[in-house]
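For reference, the chains in residue letters:
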Amino acid sequence: AGAGVDVTVVEAGDAPLATALGTRVGAWTAPWYEAAGVRLLTGSPVAAVAPGEVALASGEVLPADVVLVAVGARPASAWLAPTLPLEGDGSLAVDEAYRVLAAPDLPVVALGDLARRRSARHGWVSGGHWDGALRGPAIAVRRLLGGPPQPADDLAPYVFSTQLGHDLALYGAPGRDDDVVVRGEVAGAFTALWFAPGSERLTGVLAVDTPRDVAAARKLFAGPELPRLDRDAAADPGRPLRSPRA
Ligand SMILES: Cc1cc2nc3c(=O)[nH]c(=O)nc-3n(C[C@H](O)[C@H](O)[C@H](O)COP(=O)(O)OP(=O)(O)OC[C@H]3O[C@@H](n4cnc5c(N)ncnc54)[C@H](O)[C@@H]3O)c2cc1C
C-alpha cells in the first residue's frame, strides 16, 4: 500500500489475529490497516480464487492482479501415523521433556511445529513458533541423555511479529474465556493482559510497542506457576509490570 498499490486484506474471522488474540484484542489492530492505506474486510470468508479475482462467500468479487494466501499451517506428518498416533491436527503430544506420550517406552522426542507440549504452567502448548523450535531441542537432548529437569525447561510460549509498523510480542497462552485488562491506550502503545476468569492469575501478555513490558513478561512467566498480579496495579502503565510476590 505504501507503494501506491491497492491492497485488500480479506479475513474470515471477525477481527485480525482473532485466532491468537481473541476477537476483542484482535479488533484493536484493525485501525492499523486503515492507517497504512489497506482496506480490511473481516467476517469475509473466501469462497474461491480464479485468475484475476477473489470470490467471497457473500457473493462479492474482488478484482486482483496478485493474490497472497496466508491461512495458517499444520504439520505434514501423515507419514508418521503408522508409527506414532497423531493428534487431530497432525501434531504429536509430548511431555515436559518432549518425549512422545504415545510411545513412553521408546526414546522418541518431537519438537517444533510438530510437538504439542504439556506444560505445568500453561497446559497444552502448541508449536507454530520460532522460539520454541529454537530452544526446545537443547532441553530435549539433555533429558534424552539422562540430564535432570530444570525449572527453566518449561518455556513460556513466545511469539514476536511486526504488523503494519507495530512491534508485537505475545507471552503465555491466553484462554478464550479469560478476562482482558488493558495497560495503556489501545490507540497507541499498549499491553493487553489476560487473566484466568475472575482471578489474579495472569495467563498471557501482548505487548504492542511496549518493549519494557516484553522484558517484564519474560520474567513473569519464568516461575513454576502462572504469576499472580493485582489487576488494578497492572493496568497502570506508570507502574512496573511485576508480581507483588516476586
Ligand atoms: C511465512 C511464515 C512466517 C512465520 N513468522 C513467524 C514469526 O514471525 N514468529 C515466529 O515465532 N514464528 C514464525 N513462523 C513459524 C516458524 O517459522 C516455525 O514455527 C518454525 O520454523 C518451526 O520450526 P520447525 O523446525 O518445527 O519446522 P520447520 O522450520 O518447518 O522445519 C521442518 C523441516 O523439516 C523438513 N521436512 C518435513 N517433512 C519431512 C520429511 N518427511 N522428511 C524430511 N524432512 C522433512 C522440511 O522440509 C523443513 O525443512 C513463521 C512461519 C512461516 C511459514
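Residues numbered from 1 in each chain as written. Predicted model: local features only at pLDDT ≥ 70, side-chain atom pairs only at ≥ 80, totals over all residues. Heavy atoms only, no water.

Under an unreviewed UniProt entry, the name given to the chain is Oxidoreductase, and the organism recorded is Actinotalea ferrariae CF5-4. What UniProt records for the chain under Cofactor (unreviewed entry) is the sentence "FAD". (UniProt positions renumbered as here; feature names shortened; annotations may be inferred.)

A. Molecular detail of the UniProt feature "domain: FAD/NAD(P)-binding" (unreviewed entry) in the chain. As recorded in UniProt, the sites labelled "domain: FAD/NAD(P)-binding" (unreviewed entry) are residues 3-117. Its end C-alpha atoms 42 Å apart, residues 3-117 is made of 14% helix and 21% strand. (Helix = DSSP H or I, 4+ residues; strand = E, 2+ residues; numbered from the N terminus.)

B. Just the layout of surface pockets, in detail. By volume, the second largest pocket amounts to about 270 Å³. Looking at the second largest pocket, it is lined by 14 residues, and the ones nearest its centre are Arg212, Ala216, Pro240, Leu241 and Arg242. Here the lining of the second largest pocket is composed, by residue class, of six nonpolar, two polar and six charged. (1 Å grid on protein atoms, 1.4 Å probe; cavity = no way out; pocket = protein on both sides within 12 Å on 5 of 7 lines; lining within 4 Å. Points joined across faces, edges and corners; volume = space filled by probe spheres on them. Nonpolar A, V, L, I, M, F, W, Y, C, P; charged D, E, K, R; others polar.)

C. Quick look at empty space enclosed by the protein. All chains considered together, the criterion is met by one cavity of 30 Å³ or more. Looking at the largest cavity, its volume works out to about 210 Å³. The wall of the largest cavity is formed by 16 residues, among which Arg117, Val125, Ser126, Gly127 and Gly132 lie closest to the centre. Counting residues per element, the ones that place at least two in the lining of the largest cavity are β7 (115-119), β8 (123-126) and α3 (130-144). Looking at which element gives the most residues to the lining of the largest cavity, the answer is α3, with three residues. The class makeup of the residues in the lining of the largest cavity is eight nonpolar, six polar and two charged.

D. Representation of the packing of aromatic side chains. In the structure shown here, the tally under the stated rule is four aromatic pairs. Taking the centre distance of 5.8 Å and the plane angle of 45° together, the rings of tyrosine 158 and phenylalanine 160 count as tilted. Using a relative accessible area of 17% as the deciding quantity, one classes tyrosine 158 as buried. Phenylalanine 160 gets classed as partly exposed once you look at its relative accessible area, which sits at 45%. Through a chain of ring-to-ring contacts, three or more aromatic side chains come together here, namely Trp130, Tyr158, Phe160 and Tyr171. (Phe/Tyr/Trp six-rings, centres within 6.5 Å; stacked < 30°, edge-to-face > 60°. Buried < 20%, exposed > 50% of the residue type's maximum accessible area, 1.4 Å probe, protein only.)

E. Fine view of the domain arrangement of the chain. One can read the domain layout of the chain as domain 1 (8-63), domain 2 (78-153) and domain 3 (158-235). With centres defined by C-alpha atoms, the gap from domain 1 to domain 2 works out at 34 Å. (Domains from an automatic or database assignment.)

F. Quick look at the sheet that holds β8. Here we have three strands laid out as an open sheet, ordered β6-β7-β8, and mixed in their pairing. Here the strands that pair on one side only, and so sit at the sheet edges, are β6 (92-94) and β8. The sheet shows a mean angle of 25° between the axes of neighbouring strands, taken without regard to direction. Here three bridges tie β6 to β7, and the two strands are oriented parallel to one another. Bridged to valine 94 within β7 is arginine 117. (Pairing = 2+ DSSP bridges. Axes fitted to C-alpha atoms, helices over the stretch in contact; angles between N-to-C directions.)

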